[in-house]
Amino acid sequence: MRVQAALPIAPHFPINRLVATNVSPELLIVMKGGATTEQTEHVVARLQEVGADARVSTGREATVIGAIGERELLTSLPLEAYPGVEQVLPILKPYKLVSREIASDPTVIEARGRKIGDDWFGLIAGPCTVETEEQTLETARAVAAAGASMLRGGAFKPRTSPYAFQGLGVEGLAILREAREETGLPIVTELLDPRQLDEVADVADVIQIGARNMQNFLLLSELGRVDLPVLLKRGPSASVEELLMAAEYVAKEGNERIVLCERGIRTFERSTRYTLDLGSVAVLKDETHLPVIVDPSHAAGRHDLVLPLSRAAAAVGADGLIVEVHPRPEEALCDGPQLLPAHEFADFARAVREVVSLMGREIG
Ligand code: PEP
Ligand code: MN
């Protein structure tokens, strides 16, 4: 008999999510431009009849149905013969729900009325770490006044050294809540551990999954439980495909409100903290319907490079930025050299906005 070792995780963890499954979205059924809702429903009903499932995406130009089930079963159905069906195509990429093909239009993520994706460029700004109430509120006021879309700030911090400041935890979350009450800005904050999901979700408007946790698959699967958008940062050694597969873990659990973030990868280059991979942004925009933003602060590790990299990100087609700001960077407990001083943020936002509007978009 095979004995399963107990998992050292919270008792509410849905173990059944760990069970392997080979059922995934395998086929795309593209409906004709003039197809009716009844015709779409007819295809969906047929899929359900044979035990498959469907993900319907109604776009500006066409409706696309993702057929979820065993590939062999799905391909045996004469779907092309159904009224209103234009084309049936296999989804060849290993990522399915996040792939470009499955959604007719780019996904727009919304939090408290602020938007990221398509016509909307998200400008997320705030401290690396919530240190004090004063430091967080000062930063929040400065970025709100300059037109930022959302406030970032870490209450639980992943630090390379176990001796470094690990964040204020729940106390930090309370400060972020206060900053939102005062400025109205939605809060983006990091979740490190599934055991803290409820506490973080109680305050966060967007849950950040940091670079170090990009392939923490248990954590990713848990995000299907919350009705909040997820900001998923690329691991410093992860490929574009691995990032998309990580996003697929979240989407598979029923949460498709995901923003991807390029934050620099590890290369031989030492003049910047990481190497900002803007090529990956262009590739991602091609591969996925999800919004893709750039973190120039962690990529550069130097505040003087944050503006040029931000401009470049906007120009390459990124859907937004996440930048670190502090009222007194020289006093910061974390990431000091890369923090934009709060009093410079308005000029920074103005310069970014110029490129954003050249790209035909506006700050969301
Ligand atoms: C952060 O955004 O504060 C952070 C820790 O970033 P990353 O996970 O990209 O290192
Ligand atoms: Mn940081």
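Scroll up to find the structure.
Residues numbered from 1 in each chain as written. Chains lettered and ligands numbered in written order. Predicted model: local features only at pLDDT ≥ 70, side-chain atom pairs only at ≥ 80, totals over all residues. Heavy atoms only, no water.

Peer 1: Account for the pairing of strand E2 (residues 53-58), naming residues and giving values.
Peer 2: Pairing analysis gives six bridges linking E2 to strand E3 (residues 63-69), with the strands arranged antiparallel. Residue pairing across strands places arginine 55 opposite glycine 66, the latter belonging to E3. A loop of four residues connects E2 with E3, the two strands running antiparallel in sequence. (Pairing = 2+ DSSP bridges. Helix = DSSP H or I, 4+ residues; strand = E, 2+ residues; numbered from the N terminus.)

Peer 1: Any details on the site of ligand 1? Residues and values, ideally.
Peer 2: Every residue near ligand 1 is listed here: Arg152, Lys157, Gln208, Gly210, Ala211, Arg212, Lys233, Arg263, His298 and Glu324. Within the side chain of lysine 233, an N or O atom sits 2.9 Å from an oxygen atom of ligand 1. Starting from 290 Å² of accessible surface for ligand 1 in isolation, the protein chains cover 97%. Among the residues making up the shell around ligand 1, the classes are represented as one nonpolar, three polar and six charged. (Near = heavy atom within 4 Å. Polar contact = N/O pair within 3.5 Å; in protein donor to acceptor, adjacent residues only side chain to side chain. Areas by Shrake-Rupley, 256 points an atom, 1.4 Å probe, with all protein chains shown as cover. Nonpolar A, V, L, I, M, F, W, Y, C, P; charged D, E, K, R; others polar.)

Peer 1: Can you break down helix H4 (residues 170-183) residue by residue, with the values?
Peer 2: Here H4 contains 14 residues, and its C-alpha end-to-end distance of 20 Å stays within 8% of the 20 Å for a straight helix at 1.5 Å per residue. Where H4 is buried, its residues touch helix H3 (133-145), strand E8 (150-152), strand E9 (187-190) and helix H5 (197-203). Looking one or two places after H4, you find glycine 184, whose phi comes out positive at around 80°. (Expected span 1.5 Å × (residues − 1). Contact = heavy atoms within 4.5 Å.)

Peer 1: Provide a residue-level description of the coordination of the manganese ion (ligand 2), including the pertinent values.
Peer 2: The protein atoms that coordinate the manganese ion (ligand 2) are Cys128 (SG), His298 (NE2), Glu324 (OE) and Asp335 (OD), at distances of 2.0 to 2.4 Å. Mapping the donors of the manganese ion (ligand 2) onto the primary sequence gives the spacing C-x169-H-x25-E-x10-D. In this pair, histidine 298 sits in helix H9 (residues 296-300) while glutamate 324 sits in strand E14 (residues 320-326), placing the two residues 26 residues apart along the sequence. The residues histidine 298 and glutamate 324 share a single accessibility class, namely buried. (Donors = N, O, S within 2.8 Å, 3.2 Å for Na, K, Ca; no water. Buried < 20%, exposed > 50% of the residue type's maximum accessible area, 1.4 Å probe, protein only.)

Peer 1: Now, about the packing of helix H8 (residues 278-287) against helix H10 (residues 306-316): what can you tell me, with residues and values included?
Peer 2: Contact geometry for H8 and H10: axes closest at 10 Å, N-to-C directions at 25°. Here H8 lies roughly parallel to H10, going by the angle between them. Classified by chirality, the crossing of H10 by H8 is right-handed. Contact residues: H8 offers Leu278, Val281 and Ala282, while H10 offers Ala312, Ala313 and Val316. For the contact of H8 with H10, the residue count by class is six nonpolar, no polar and no charged. (Axes fitted to C-alpha atoms, helices over the stretch in contact; angles between N-to-C directions. Parallel < 35°, antiparallel > 145°, perpendicular 65-115°, else oblique. Left-handed = near helix turned anticlockwise from the far one by under 90°.)

Peer 1: Help me get a handle on the pattern of salt bridges, residues and values and all.
Peer 2: What the rule picks out here adds up to 27 salt bridges. Among the ionic pairs, glutamate 26 bridges to arginine 71, the shortest N-O distance being 2.8 Å. With a gap of 45 residues between them, glutamate 26 in strand E1 (residues 24-31) and arginine 71 in helix H2 (residues 71-75) connect regions that are remote in the sequence. Judged by its relative accessible area of 33%, arginine 71 is partly exposed. The residue arginine 46 makes a salt bridge to glutamate 49 at a minimum N-O spacing of 2.7 Å. Remark: glutamate 49 and arginine 46 occur in helix H1 (residues 37-49); sequence separation between them is three residues, near one turn of the helix. With relative accessibility at 25%, the residue arginine 46 sits in the partly exposed group. The structure contains a network of salt bridges with shared partners spanning Glu26, Arg71 and Lys96. (Salt bridge = Lys/Arg side-chain N within 4 Å of Asp/Glu carboxyl O.)

Peer 1: So what's going on with the sheet that holds strand E4 (residues 85-90)? Residues and values would help.
Peer 2: Two pairing modes exist for strands in a sheet, parallel and antiparallel, and in both the strands are linked by backbone hydrogen bonds. Strand order in the open sheet formed by four strands is E2-E3-E1-E4, and the pairing between neighbours is antiparallel. Since the sheet does not close on itself, it has two edges, and those belong to E2 and E4, each with one partner. Across this sheet, the average inter-strand angle for adjacent strands is 25°, counted without regard to direction.

Peer 1: Give me the lowdown on the nonpolar core, citing residues and values where you can.
Peer 2: Core analysis: the largest hydrophobic core is formed by 74 residues, its most contacted members being Leu223, Leu232 and Phe345. Sort the elements by how many residues they give to this core and helix H7 (residues 240-252) lands first, with seven residues. In contact with phenylalanine 345, other than residues within four places in its own chain, are Leu123, Ala125, Ala142, Val143, Ala146, Ala148, Val323, Val325 and Leu340. Among the nonpolar cores identified, the runner-up in size contains 15 residues, and Ile29, Leu47, Leu79 and Val85 belong to it. (Core = buried A, V, L, I, M, F, W, Y, C linked by side-chain atoms within 4.5 Å.)

Peer 1: Tell me what's going on with H3, and back it up with residues and numbers.
Peer 2: Taking 1.5 Å per residue as the helical rise, H3 with its 13 residues ought to reach 18 Å, and the 18 Å between its terminal C-alpha atoms agrees with that figure. Among all positions in H3, only Gln135, Thr136, Leu137, Thr139, Ala140 and Val143 are buried. Buried residues along H3 sit in contact with strand E7 (120-126), E8, H4, E14 and helix H11 (345-358). Directly after H3, the chain includes glycine 147, whose backbone phi takes a positive value near 90°.

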